[in-house]
Amino acid sequence: MASHRAPTAGLSALGLALALTACAPFGGQAGSGDVGYETVIAAVLLAESDAGGRAFEVEIDDGTAQVHVAAGDRTVEVDVDLTGPNVTDRRDAGEVEAEDREALTRASTTLADGIRVAASAHAGDGSVAEVGLNSGAQASWTVEFTDGGEVAVAVTDGSIER
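Note that residues are indexed from 1 along each chain, following the sequence as it is written. In keeping with the predicted nature of the model, local features appear solely for residues at pLDDT of at least 70, side-chain atom pairs appear and are counted solely at 80 or more, and the whole-chain, interface and lining totals rest on all residues. Only heavy atoms go into the side-chain values, all of them from the structure, while hydrogens and water stay out.

**Structural notes on the overall build of the chain**
Part 1: Runs of E in the DSSP output that reach at least two residues are strands. Runs of H or I that reach at least four are helices, and both are numbered from the N terminus. A count of helices and strands for the chain gives 4 helices and 8 strands.
Part 2: Helices (α) and strands (β) of the chain occur, in sequence order from the N terminus, as α-β-α-β-β-β-β-α-α-β-β-β.
Part 3: Out of the 162 residues in the chain, the part that is buried amounts to 43%.
Part 4: The contact criterion used throughout is that any non-hydrogen atoms of two residues lie within 4.5 Å. Across the chain, contacts joining residues at least 24 apart in sequence account for 44% of those joining residues at least 6 apart.
Part 5: The protein chains shown are the only cover counted for residues, whose accessible areas, like all others here, come from Shrake-Rupley with a 1.4 Å probe. Entry remark: accessible area of the chain is about 7,800 Å², with carbon and sulfur atoms responsible for 49%. Under the scheme applied here, a residue whose accessible area is under 20% of the maximum for its type counts as buried, over 50% as exposed, and between as partly exposed, the area being computed with a 1.4 Å probe on protein chains only.

**Considering the pattern of salt bridges**
Part 1: Salt bridge, as used here: a side-chain nitrogen of Lys or Arg that lies within 4 Å of a carboxyl oxygen of Asp or Glu. For the coordinates displayed, the defined rule picks out 7 salt bridges.
Part 2: We note a salt bridge from Asp 50 to Arg 90, for which the minimum N-O separation is 2.5 Å. With Asp 50 in helix H2 (residues 37-51) and Arg 90 in strand E5 (residues 86-95), this pair connects stretches of sequence that are 40 residues apart.
Part 3: The residue Arg 91 makes a salt bridge to Asp 79 at a minimum N-O spacing of 3.1 Å. Here Arg 91 is found in strand E5, whereas its partner Asp 79 is found in strand E4 (residues 74-81), with 12 residues between them in sequence.
Part 4: On the accessibility criterion, Arg 91 (27% relative accessible area) is partly exposed.
Part 5: Overall, the relative accessible area of 13% leaves Asp 79 in the buried class.
Part 6: Shared partners join several salt bridges into a network, and the residues in it are Glu 77, Asp 79, Asp 89 and Arg 91.

**So, the confidence of the model for the chain**
Part 1: Per-residue confidence from the predictor is reported as pLDDT, a score between 0 and 100. For the chain, the average pLDDT comes to 81, and 79% of its residues sit at 70 or higher.
Part 2: The secondary-structure element of the chain with the lowest mean pLDDT is helix H1 (residues 5-23), recorded at 40, while E4 shows the highest, at 95.
Part 3: Here residues 1-32 is a poorly scored stretch, pLDDT under 50, and it has 34 contacts once near neighbours within four places are set aside; other chains count.

**A word on a negative patch on the surface**
Part 1: Residues enter patches when they are more than 30% accessible in relative terms and free of salt bridges; like-charged ones are connected within 9 Å and nonpolar ones (Val, Leu, Ile, Met, Phe, Trp, Tyr) within 5 Å. His is not counted, nor are the chain ends, whereas Lys and Arg count as positive and Asp and Glu as negative. In this description, the location of a charge corresponds to atom NZ of lysine, CZ of arginine, CG of aspartate or CD of glutamate. A grouping of Glu 59, Asp 61, Asp 62, Glu 130 and Glu 144 is seen on the molecular surface, where their side chains present a negatively charged patch.
Part 2: Relative to the helices and strands, Asp 62 is located in the loop between strand E2 (54-61) and strand E3 (64-71).
Part 3: The exposure class assigned to Asp 62 is exposed, which follows from its relative accessible area of 55%.

**A few points about the nonpolar core**
Part 1: Among the nonpolar cores identified, the biggest contains 40 residues, and Val 40, Val 44, Val 58 and Ile 115 are the most heavily contacted of them.
Part 2: Here this core gets 8 residues from one element, more than from any other, and that element is H2. Only buried Ala, Val, Leu, Ile, Met, Phe, Trp, Tyr and Cys residues count toward a nonpolar core, and they belong to the same one when joined by side-chain atoms within 4.5 Å.

**Section: the pairing of E4**
Part 1: Extensive coverage of E4 is indicated by the burial of 6 of its 8 residues.
Part 2: Two strands make a pair as long as DSSP finds a minimum of two bridges between them. Two strands pair when backbone bridges link them, and E3 and E4 are joined in this way by 8 bridges, in the antiparallel orientation. Directly across from Ala 70, in E4, lies its bridge partner Thr 75.
Part 3: Linking E3 back to E4 in an antiparallel pair, the connection comprises 2 residues, with Gly 72 at a positive phi of about 70°.
Part 4: Here 7 bridges tie E4 to E5, and the two strands are oriented antiparallel to one another.

**A short note on the environment of Ala 119**
Part 1: As for its placement among the helices and strands, Ala 119 is situated in helix H4 (residues 111-121).
Part 2: Taking the C-alpha atoms as reference points, Ala 119 and Glu 144, 25 residues apart in sequence, are found 9.8 Å from one another.
Part 3: The contacts of Ala 119, once residues within four sequence positions are left out, are Tyr 37 and Phe 145.

And the structure:
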């Protein structure tokens, strides 16, 4: 008898992404560049489900989130239309860099959780411009907001770095 666990896990992540989006304000028009953190989190969860890996970078441009996902030893770039959200493109972007792979292995805080923590610590409106992984001994998620603010969150324990 076939297992229903794999499809159920993917559908659960998709359902969570859709639920977060349905409850969240958009945070701006698709072309404005102001995208609320809840919408970015939904895009990250959808991209992780689509690529079968763990997100480590997000770039927002013209209503699209380009989410970089580590799937095994490969980087998969997943484009997510933020008005859906829905996946519009996916492509292999080469090997995951060794430093990034090591940081992701140590990370108990996901990129989505890093965005949540950063948004709660940020004094602005929560519109996200970009999220990246700073590798190294003190690895962190760096969340850049459209108002110029930046918050770094430790990947190991979710604490605010700066």
